[in-house]
Amino acid sequence: MTAILVRRPAFLSLGLLLMASAALAANGIDVRRGADSTVFGNCVPSLEVENRSSETIDYLQVDVAVSLGNGQERTVELKSAYREGVLHPIQPGGRGVLKQHLDTSLALGVGCSDVKSRKVVRTICEAAGGKECASSVSVQP
């Protein structure tokens, strides 16, 4: 019976640690695949952001490598705002959309049916004052 009492605090500690890890993940910045659109025959992907953190996101950019049906790979920058322009902050508890700005980046040059896979290659998250976001960013492209 003594062995059971000794082990119980270890199990409680492990359980509390797992619960804390889950709570931290739930309080981060979640980015998921948004709706693809077609502009002048080109696929334009987007990502949807849910800010579950306690900080305001001033700027968020996710670079996605896109594999095409012809074997080529292209990188698309999906941004919450123009880097040099007016910001569109995402408040705590708020939502936003990351878009490709076709006036500052190359279009994919293919329709959405030619996009075969996507993977995240870089994430930039800035809070107020240009500081790096303290919260974790989880991206599912």
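Residues numbered from 1 in each chain as written. Predicted model: local features only at pLDDT ≥ 70, side-chain atom pairs only at ≥ 80, totals over all residues. Heavy atoms only, no water.

### Observations regarding the nonpolar core
Core analysis: the biggest nonpolar cluster contains 21 residues, and Ile 29, Val 49, Leu 60 and Leu 98 have the highest contact counts within it. Of all the secondary-structure elements, those providing two or more residues to this core are strand 1 (29-33), strand 4 (46-51), strand 5 (57-68), strand 6 (73-79) and strand 8 (115-127). Of all the elements, strand 5 adds the most residues to this core, at six residues. Setting aside residues no more than four positions away along its own chain, Ile 29 makes contact with Val 49, Glu 50, Asn 51, Ser 53, Ile 57, Leu 60, Cys 125, Cys 133, Ser 135, Ser 136, Val 137 and Ser 138. (Core = buried A, V, L, I, M, F, W, Y, C linked by side-chain atoms within 4.5 Å. Buried < 20%, exposed > 50% of the residue type's maximum accessible area, 1.4 Å probe, protein only. Helix = DSSP H or I, 4+ residues; strand = E, 2+ residues; numbered from the N terminus. Contact = heavy atoms within 4.5 Å.)

### Describing the state of the cysteines
All told, the structure shown has two disulfides when counted by the stated rule. Across the disulfide from Cys 43 sits Cys 112; the S-S distance is 2.3 Å. Across the S-S bond linking Cys 43 and Cys 112, the dihedral sits near 95 degrees, which makes this disulfide right-handed. Of the two residues, Cys 43 sits in strand 3 (residues 42-44) while Cys 112 sits in the loop between strand 7 (95-99) and strand 8, which places them 69 residues apart along the sequence. Overall, the relative accessible area of 1% leaves Cys 43 in the buried class. (Disulfide = S-S within 2.5 Å.)

### Remarks on the side chain of Gln 61
Relative to the helices and strands, Gln 61 resides in strand 5. Among the polar contacts listed, one links the side chain of Gln 61 to the side chain of Tyr 59, at a separation of 2.5 Å. At 2.7 Å, the side chain of Gln 61 forms a polar contact with the side chain of Asp 63. (Polar contact = N/O pair within 3.5 Å; in protein donor to acceptor, adjacent residues only side chain to side chain.)

### So, the environment of Gly 41
In this structure, Gly 41 sits in the loop between strand 2 (37-39) and strand 3. Residues Gly 41 and Gly 111, spaced 70 residues apart in sequence, show a C-alpha to C-alpha distance of 6.0 Å. Beyond its immediate chain neighbours, meaning those up to four positions away, Gly 41 contacts Val 110 and Gly 111.

### Some words on the pattern of salt bridges
Considering all chains together, one arrives at seven salt bridges under this definition. Measuring nitrogen to oxygen at the nearest pair gives 3.3 Å for the salt bridge that ties Arg 52 to Asp 30. In this pair, Arg 52 is assigned in the loop between strand 4 and strand 5 and Asp 30 in strand 1, connecting sequence segments 22 residues apart. Assessed through its relative accessible area of 37%, Arg 52 is described here as partly exposed. Judged by relative accessible area, which is 10%, Asp 30 ranks as buried. A salt bridge links Glu 77 to Lys 79; the shortest N-O distance between them is 3.4 Å. Taking relative accessible area as the criterion, Glu 77 reaches 29% and is therefore assigned partly exposed. On the basis of relative accessible area, Lys 79 is assigned to the buried category, the value being 13%. One connected set of salt bridges, linked through shared partners, spans Asp 30, Glu 50, Arg 52 and Arg 95. (Salt bridge = Lys/Arg side-chain N within 4 Å of Asp/Glu carboxyl O.)

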